Amino acid sequence: MLDIALKLLEEITSCGFQAYIVGGFVRDYILGIESNDIDINTNATPKEIKDIFDSCLPNEDYGSVTVFKKGVRFEITTFRKEMSYLDNRRPSQIEYIDDLYQDLLRRDFTINTLCINKDGEIIDFLGGRSEIDNRVVKTVGDAKTRFEEDSLRILRAVRFATLLDFELDKETREAIIETRELLKNLSYYRKKEELDKIFGSSNADKGISLLLDLGLDRYLDLDNLDKVTCTSSLIGVWSILNVVDKYPFNSNERELIKNINDAFLLNNLDPMALYKYGLYVNSVAGEIKGLDIKAITESYNNLVIQSRRDLDITSDDIMKGLNKGPGSYLKDIYSDIEREVLYRRVKNEKDAIMTYIISNYKVEN
Ligand code: ATP
Ligand code: MG
């Protein structure tokens with residue numbers, strides 16, 4: 001992936017611009033973690049970048065352009081200065097450094113400020129390398145100011161500490177506590193994006209402890225966060241948190257959360273619970289209760305039927321047997337025979353099922 005990126009840098013720099021790999025990719029590369037996409041920063045404007053690459057997707061509002069090369073997604077962003085208090089007094093003897101440096105100063109954490117140039121050399125203006133080696137998340141500049149500028153950074157700090165298993169620098173940690181109420185102003189959409197990454201991490205326990213220790217749960221409206229003990233599934237965590245009225249979930253997530261909470265109230269080894277909600281939902285609900293997932297899986301695999309299709313009877317058989325046409329009565333009969341077969345009171349054989357139906361539903365004229 002690095003080779004593809006270096007070639008792309010070459011394409012930009014050969015047109016007379018500066019360009020670097022920056023941020024997450026460099027951080028993860030040093031840590032030996034695979035990245036999905038690569039951020040590039042450059043002094044070329046989005047328009048100039050569009051002229052270099054045949055196919056690209058401009059996101060003009062953000063001053064960036066997306067380019068795909070050999071299946072790798074590159075987000076190319078023009079150098080920016082976002083901090084109004086950053087005066088123009090910085091020495092500008094070397095313009096090249098100055099531009100890049102300004103762009104690095106606006107970035108959130110020192111671990112995200114490392115760059116790689118077209119020759120594959122690491123550029124470290126802000127001491128990010130030693131913070132990666134010491135496994136510390138530390139803001140660029142005054143922590144309180146940086147969180148006041150953008151409260152999303154509070155959650156990004158927790159996210160990086162969780163996913164990378166880093167510690168928060170002391171000043172950064174204290175500033176989070178001082179500014180945490182600003183999380184109230186952040187949209188639930190952005191909060192959820194970060195929380196999904198934290199809860200979905202294999203190190204989610206750490207993230208949850210951090211959120212609790214920093215007292216962020218209150219400002220995130222996560223009243224049940226201290227009840228989340230078992231964290232192997234993201235949707236399981238959201239089910240316990242039960243915040244569907246506040247946070248944006250898609251319909252699939254909503255349905256899962258509802259089913260998990262319904263199944264939570266049932267015995268997850270019970271054939272009807274397993275049949276109705278399936279193995280996944282029962283496993284998540286069971287895991288929240290601390291049940292043995294192997295036992296749940298075994299019970300599921302031992303179900304006589306796992307879906308209606310598994311019944312050894314069709315609607316036609318039933319209608320013929322009862323000498324009746326289609327109607328909503330079929331639904332009731334299906335529910336009834338599903339239950340009888342699941343609890344092994346009626347065998348899953350056409351004759352046995354038919355005998356049961358006739359003796360219970362046949363109306364003699
Ligand atoms: P990952 O891609 O693994 O989520 P990342 O560090 O690449 O991590 P991105 O959201 O892709 O994060 O952002 C790219 C870079 O932009 C970051 O490394 C950081 O330098 C900068 N950045 C992103 N969000 C912010 C922010 N809210 N404040 C300041 N800088 C930011
Ligand atoms: Mg990134």
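Report follows, based on the coordinates. Just so we're clear, the structure is a prediction, and the values are computed from it rather than from any experiment.

How each quantity is defined
- Residues numbered from 1 in each chain as written.
- Chains lettered and ligands numbered in written order.
- Predicted model: local features only at pLDDT ≥ 70, side-chain atom pairs only at ≥ 80, totals over all residues.
- Heavy atoms only, no water.
- Helix = DSSP H or I, 4+ residues; strand = E, 2+ residues; numbered from the N terminus.
- Contact = heavy atoms within 4.5 Å.
- Pairing = 2+ DSSP bridges.
- Axes fitted to C-alpha atoms, helices over the stretch in contact; angles between N-to-C directions.
- Salt bridge = Lys/Arg side-chain N within 4 Å of Asp/Glu carboxyl O.
- Buried < 20%, exposed > 50% of the residue type's maximum accessible area, 1.4 Å probe, protein only.
- Left-handed = near helix turned anticlockwise from the far one by under 90°.
- Nonpolar A, V, L, I, M, F, W, Y, C, P; charged D, E, K, R; others polar.
- Near = heavy atom within 4 Å.
- Polar contact = N/O pair within 3.5 Å; in protein donor to acceptor, adjacent residues only side chain to side chain.
- Areas by Shrake-Rupley, 256 points an atom, 1.4 Å probe, with all protein chains shown as cover.
- Phe/Tyr/Trp six-rings, centres within 6.5 Å; stacked < 30°, edge-to-face > 60°.
- Lys NZ or Arg CZ within 6 Å of the ring centre and 35° of its normal.
- Core = buried A, V, L, I, M, F, W, Y, C linked by side-chain atoms within 4.5 Å.
- Patch = residues over 30% accessible without salt bridge, like charges linked within 9 Å, V, L, I, M, F, W, Y side chains within 5 Å.

Structural notes on the environment of Tyr 343
Part 1 of the reasoning: Mapped onto the elements of the fold, Tyr 343 is located in the loop between helix H16 (329–342) and helix H17 (350–361).
Part 2 of the reasoning: In the structure, Tyr 343 is positioned 71 residues away from Met 272 in sequence and 8.1 Å away in space, judged by C-alpha atoms.
Part 3 of the reasoning: Leaving out residues up to four positions away in the same chain, Tyr 343 has contacts with Asp 270, Pro 271 and Met 272.

Thoughts on the sheet that holds strand S6 (residues 115–116)
Part 1 of the reasoning: Taken together, the seven strands give an open sheet; going across it, the order is S3-S4-S5-S2-S1-S6-S7, and neighbouring strands pair in mixed fashion. Strands at the two margins of the open sheet, each flanked by one partner only, are strand S3 (57–59) and strand S7 (122–123).
Part 2 of the reasoning: Note that strand S1 (residues 19–22) and S6 share two bridges and pair antiparallel. Counted as the bridge partner of Ile 21 is Ile 116 from S6.
Part 3 of the reasoning: In the packing of helix H1 (residues 2–13) onto the sheet, contacts are made with S1, strand S2 (37–42), strand S4 (64–69), strand S5 (72–78) and S6, and the angle to S1 comes to roughly 150°.
Part 4 of the reasoning: Docked against the sheet, helix H2 (residues 24–31) engages S1, S2, S6 and S7, running at close to 60° with respect to S1.

A few points about the pattern of salt bridges
Part 1 of the reasoning: If you walk through the whole model with that rule in mind, you get 28 salt bridges.
Part 2 of the reasoning: Taking the shortest distance from any N to any O, the salt bridge between Glu 178 and Lys 144 comes out at 4.0 Å. Linking Glu 178 in helix H8 (residues 170–179) with Lys 144 in helix H6 (residues 143–149), this pair joins segments that are 34 residues apart in sequence.
Part 3 of the reasoning: Residue classification places Glu 178 among the exposed positions, given a relative accessible area of 52%.
Part 4 of the reasoning: Since its relative accessible area comes to 32%, Lys 144 is described here as partly exposed.
Part 5 of the reasoning: Overlapping salt bridges bring together Arg 146, Glu 149, Asp 150 and Arg 153 as one network.

Regarding the packing of helix H7 (residues 152–164) against helix H10 (residues 204–213)
Part 1 of the reasoning: Interhelical geometry of H7 versus H10 gives an angle of 145° and a closest axis separation of 8 Å. Classified by chirality, the crossing of H10 by H7 is right-handed. Taking contact as the criterion, the partners of Leu 155, Val 158, Ala 161 and Thr 162 in H7 are, on H10, Ala 204, Lys 206, Gly 207, Leu 210 and Leu 211.
Part 2 of the reasoning: The class makeup of the residues in the contact of H7 with H10 is six nonpolar, two polar and one charged.

Some thoughts on the environment of Tyr 300
Part 1 of the reasoning: Mapped onto the fold, Tyr 300 is located in helix H14 (residues 293–301).
Part 2 of the reasoning: As for Tyr 300 and Leu 211, which are separated by 89 residues in sequence, their C-alpha atoms are 36 Å apart.

Concerning the site of ligand 1
Part 1 of the reasoning: Neighbouring ligand 1 are 13 residues; Arg 27, Asp 150, Arg 153, Arg 156 and Arg 159 lie closest to it.
Part 2 of the reasoning: A distance of 2.8 Å is found between a nitrogen atom of ligand 1 and a side-chain nitrogen or oxygen belonging to Asp 150.
Part 3 of the reasoning: Taken by itself ligand 1 offers 580 Å² of open surface, and the protein chains cover 75% of this.
Part 4 of the reasoning: A total of four residues in the shell around ligand 1 trace back to one element, the largest contributor, which is H7.

A word on the packing of aromatic side chains
Part 1 of the reasoning: Enumeration according to the criterion identifies seven aromatic pairs in this entry.
Part 2 of the reasoning: Considering the side-chain rings of Tyr 188 and Tyr 247, the 4.9 Å spacing of their centres and the 75° angle between planes classify their relative orientation as edge-to-face. With Tyr 188 in helix H9 (residues 188–199) and Tyr 247 in the loop between helix H11 (234–241) and helix H12 (251–264), this pair connects stretches of sequence that are 59 residues apart.
Part 3 of the reasoning: By relative accessible area, which is 26% here, Tyr 188 ends up partly exposed.
Part 4 of the reasoning: Sitting over the face of the ring of Phe 160, Arg 159 holds its NZ or CZ atom 4.7 Å from the ring centroid.
Part 5 of the reasoning: Positioned above the aromatic ring of Tyr 329, the side-chain terminus of Lys 324 is 4.1 Å from the ring centre.

Here we look at the nonpolar core
Part 1 of the reasoning: With 71 residues, the main nonpolar core has Ile 12, Ile 21, Ile 40, Phe 199, Leu 222 and Trp 238 as its most contacted residues.
Part 2 of the reasoning: Ranked by residues supplied to this core, first place goes to H7 with eight residues.
Part 3 of the reasoning: With 23 residues, the next largest nonpolar core counts Leu 311, Tyr 329, Tyr 334 and Val 346 among its residues.

Re a nonpolar patch on the surface
Part 1 of the reasoning: Residues Phe 264, Leu 265 and Leu 266 make up a contiguous nonpolar surface patch of about 290 Å² in total accessible area.
Part 2 of the reasoning: Relative to the helices and strands, Leu 266 is located in the loop between H12 and helix H13 (271–288).
Part 3 of the reasoning: Judged by relative accessible area, Leu 266 falls into the partly exposed class, the value being 36%.

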